[in-house]
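A look at the structure
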Amino acid sequence: MHIFLAALAHETNSFSPIPTTLRAFEEGILYRPGGAEEQRVAAHDFPGYGFLLEVAREHGDRVTAGLCAWAQPGGPVTRQVYEALRDELLAQLAAAGPFDAVVLVLHGAMIAHGFPDCEGDLLARVRDLVGPGVPVGALLDLHATLTPRMTESGAVLIACKEYPHTDYLARTRELHAILARMAGGTCSPAMVMHKVPMLSMFGTAEGPMRALLDQVQECEAEPGMLSVSLIHGFPWSDTAQTGAAVLVVFDTGDGPGAAGRAAALAAQLAQAFFALRALGSKTMLPVHDAVTACLAAYSGGPVVLADGSDNPGGGAACDSTFVLRELIDRGVERAALGMLWDPLAVQLAIDAGVGAELALRIGGKVGPASGAPVDVLATVTAVRRDARQHGLAAKFSEALGDAVAIRTGGIDIVLNTRRQQVFSPECFTELGIDVTARRLLVVKSSRHFRACFDPIASATFFCDAPGSLNSDLAQLPYVHLRRPIWPLDALEDTALTGSPEASHA
Ligand SMILES: [Zn+2]
């Protein structure tokens, strides 16, 4: 096949104080065909885009690689930047065709000023450009906001199934296989979407969510059912379509009963998914209690405390000081905390150099959700400008930017200039901090850290510090969110009614 591949991905937190600008994409991933080698490598490092290149190579496909743009989650994308990137992608698609298939790597929860549904807008324009006959497919994050405009575009949509998102390669293979069958004329997919009115965050590693996911994968083996995605939704997205959904992709060529079976399956899975809604609420402890629990749980291996409220992977600023303040006030020893996004403090520490002792004001700079800055007397213990951490897929890694480690009292703190969540202990070890020798490791991440930290953690706790990713959703100033929705409204299991919305590819 001759495939056009492009990516335009952002998880937008409507409540984030960080505006998403062109600089955010430049600091993230912004590959443009004909651009520098460095950009090309960065694009390969983006799961989905990189995996599609790999899968296409295995099948001997020819790929025209278009724009690959990704920015760290933050507030809405500026209108001008969204329109410019979108139009750049569309121009590449128009210039280099015709194609046997178009593959887009999206997030699904991208909002720009004036565009509450960027993916719906983009997919509709791609469809207008290529016409009804060309197979179009898109990979989504399960924290997407699924909209009728997206499904009506006729693009085959497949979201990752796992959180942590460890399954992009498998999903890429599935999408590629469906598009290849479409291009070969042996399959004619359509989709059924069933919205689920809940806002929640579910890990998929264990428990009833795991069981439901196993059931979903069994359903995909049923005749005519090509793919089933459970869309968890992104609670910090303030749009009329925000919430969870079940999406079934089926083959209309599998007889006249296929649409009915897909609709029944979507309804049944939506009910089962909705019944798990309370599961998503992790036990979140107030900061003081969380630190107490961590210290009590220590039994020789590091205890991990997740400060998910300040997770930049969900759009938070990543410079909040609530947990740090608590550690300092209590004189906690043998603790490490990472990573605080503080370019100014990093610059001062780099200028001072390794071994220098200096008075440093750290964190608390972006806005009220960051808390107050903390003034410490610190020793600079490490400076790195080339450190990287591995992400969810072992082959991909992310640069930390300029990074320093400082020590104040018994606490090692990693500060960096490239806002990102902690995925791997490398955020500490690359700066010379021996994580296994620490009692307490504080990570600014909600759940992705678990893939790499669980093997070394003797226990893991979650705290509900203030922040733009705070899990107390009732406190968020939603304007556009459609009500009723759980947990803002008390909904019984029987509240899930209505028929799925169908669309044809
Ligand atoms: Zn996600």
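Heads up: these notes are all about the structure in this document. Computed from a predicted structure; not experimentally measured.

Moving on, we come to the overall build of the protein. In terms of regular secondary structure, the protein is built from 14 helices and 21 strands. A globule of 505 residues ought to have a C-alpha radius of gyration of about 23 Å, and the protein, at 23 Å, matches this closely. Counting only C-alpha atoms and orienting by the principal axes, one finds that the protein spans roughly 70 × 55 × 40 Å. The burial tally for the protein puts 60% of its 505 residues in the buried class. The contacts in the protein between residues at least 6 apart in sequence include a share of 75% that link residues at least 24 apart. Accessible surface for the protein amounts to roughly 18100 Å². Of this, 54% is attributable to carbon and sulfur atoms.

Moving on: the coordination of the zinc ion. In this structure, Asp141 (OD), Asp141 (OD), His143 (ND1) and His165 (NE2) serve as the protein donors to the zinc ion, at separations of 2.1 to 2.5 Å. In this structure, the zinc ion is coordinated by four donor atoms arranged in irregular fashion, with angles at the metal of 54 to 146 degrees. Here the donor residues for the zinc ion map to a single chain with the spacing D-x1-H-x21-H. Here the residue Asp141 occupies a position in the loop between β5 (136-140) and α6 (148-152), and His165 occupies one in the loop between β6 (156-159) and α7 (168-183), the gap between them amounting to 24 residues. Neither residue differs from the other here; Asp141 and His165 are each classed as buried.

Turning our attention to the nonpolar core. By size, the foremost hydrophobic cluster in this structure holds 68 residues, and its most contacted members are Phe25, Tyr49, Leu104 and Leu157. Counting residues per element, this core draws most heavily on strand β1 (residues 2-9), at seven residues. In this view, Tyr49 contacts Leu5, Ala6, Ala7, Tyr31, Ala43, Ala65, Gly66, Leu67, Cys68 and Val105; residues no more than four positions away in its chain are not counted. Ala290, Leu337, Ala349 and Leu440 belong to the second-largest nonpolar core, a separate cluster that totals 34 residues.

This paragraph deals with the sheet that holds strand β13 (residues 357-362). Sheet strands associate in pairs through backbone hydrogen bonding, adopting either a parallel or an antiparallel arrangement. The sheet built from nine strands is open, its strands ordered β10-β20-β11-β19-β12-β18-β17-β14-β13 with mixed pairing. Edge positions in the sheet fall to β10 (284-285) and β13, since each has one partner strand and no second. Summarising the sheet, strand β17 (residues 403-408) and strand β18 (residues 411-416) pair through six bridges and their orientation is antiparallel. Bridge pairing in β18 places Ile406 opposite Ile413. Taken strand by strand, helix α10 (residues 287-297) contacts β10, β11 (303-306), β19 (440-443) and β20 (459-463), and its axis lies near 175 degrees from that of β20. Along the sheet, helix α12 (residues 343-352) contacts β12 (335-341), β13, β14 (374-384), β17 and β18; its crossing angle with β13, the most-contacted strand, is approximately 170 degrees.

It is worth spelling out the packing of helix α8 (residues 207-219) against helix α9 (residues 258-274) at this point. Interhelical geometry of α8 versus α9 gives an angle of 170 degrees and a closest axis separation of 11 Å. Taken together, α8 and α9 sit at an angle that is classed as roughly antiparallel. Across the interface between the two elements, Met209, Leu212, Gln215, Val216 and Cys219 of α8 pack against Leu265, Gln268, Leu269, Ala272 and Phe273 of α9. Looking at side-chain class alone, the contact of α8 with α9 contains eight nonpolar, two polar and no charged residues.

Orientation of helix α3 (residues 49-58) relative to α7, taken along the N-to-C sense of each, is 50 degrees, at an axis distance of 9 Å. The angle between the axes of α3 and α7 places the two elements in the oblique class. Of the two possible hands of crossing, α3 and α7 adopt the one that is right-handed. Taking contact as the criterion, the partners of Phe51, Leu52, Glu54, Val55, Ala56 and Glu58 in α3 are, on α7, Tyr168, Leu169, Thr172, Arg173 and His176. A breakdown of the residues in the contact of α3 with α7 according to their chemical character gives six nonpolar, two polar and three charged.

A word on α12. Helical geometry note: an α-helix holds 3.6 residues per turn, so side chains three or four residues apart project in the same direction. Those residues of α12 that fall on the buried side of the exposure criterion are Ala345, Val346, Ala349 and Ile350. For α12, the angular spread of the buried residues around the axis is 135 degrees, confining them to a single face. Across from the buried face of α12, at angles greater than 90 degrees, the exposed residues are Leu344 and Asp351. Phi turns positive one or two residues past the end of α12, at Gly353, with a value near 90 degrees.

Looking now at the packing of aromatic side chains. Inspection of every chain in the model, using the stated rule, returns nine aromatic pairs. Linked through ring pairs, Phe449, Phe453 and Phe462 together constitute an aromatic cluster. When the ring centre of Phe274 is taken as origin, the NZ or CZ atom of Arg277, which lies over that ring, is 4.2 Å away.

In this section: the pattern of salt bridges. Two side chains with opposite charge may pair up if their charged atoms get near one another. Summed over the entire model, instances satisfying the criterion amount to 31 salt bridges. Asp121 is the salt-bridge partner of Arg125, the closest N and O atoms lying 2.9 Å from each other. Of this pair, Arg125 and Asp121 are both found in helix α5 (residues 118-130), four residues apart, which corresponds to roughly one turn of the helix. In this structure Arg125 comes out as partly exposed when scored by relative accessible area, which is 34%. Within this structure, Arg86, Asp87, Asp121, Arg125 and Arg149 form a network of salt bridges that share partners.

Bringing the pairing of β11 into the picture now. Looking down a regular strand, the side chains alternate between one sheet face and the other. Going residue by residue along β11, you find Val303 and Leu305 tucked away on one face and Val304 and Ala306 tucked away on the opposite face as well. The pairing of β11 with β19 spans four bridges and is parallel. Within β19, the position partnered with Ala306 by the bridge is Val443. In the sheet, β11 pairs with β20 via four bridges, with the strands oriented parallel. Each residue of the ladder has a partner; that of Ala306, found in β20, is Phe462.

Moving on to the side chain of Gln92. Position of Gln92 relative to the elements: it lies in helix α4 (residues 79-96). Here Gln92 is in contact with Phe4, Pro33, Gly66 and Leu67, once residues within four sequence places are set aside.

Analysis parameters
Residues numbered from 1 in each chain as written. Predicted model: local features only at pLDDT ≥ 70, side-chain atom pairs only at ≥ 80, totals over all residues. Heavy atoms only, no water. Helix = DSSP H or I, 4+ residues; strand = E, 2+ residues; numbered from the N terminus. Rg over C-alpha atoms; globule rule 2.2 N^0.38 Å. Buried < 20%, exposed > 50% of the residue type's maximum accessible area, 1.4 Å probe, protein only. Contact = heavy atoms within 4.5 Å. Areas by Shrake-Rupley, 256 points an atom, 1.4 Å probe, with all protein chains shown as cover. Donors = N, O, S within 2.8 Å, 3.2 Å for Na, K, Ca; no water. Tetrahedral: all angles 85-135°; square planar, octahedral: opposite > 155°, others 65-115°. Core = buried A, V, L, I, M, F, W, Y, C linked by side-chain atoms within 4.5 Å. Pairing = 2+ DSSP bridges. Axes fitted to C-alpha atoms, helices over the stretch in contact; angles between N-to-C directions. Parallel < 35°, antiparallel > 145°, perpendicular 65-115°, else oblique. Nonpolar A, V, L, I, M, F, W, Y, C, P; charged D, E, K, R; others polar. Left-handed = near helix turned anticlockwise from the far one by under 90°. Arc of directions from axis to C-beta. Phe/Tyr/Trp six-rings, centres within 6.5 Å; stacked < 30°, edge-to-face > 60°. Lys NZ or Arg CZ within 6 Å of the ring centre and 35° of its normal. Salt bridge = Lys/Arg side-chain N within 4 Å of Asp/Glu carboxyl O.

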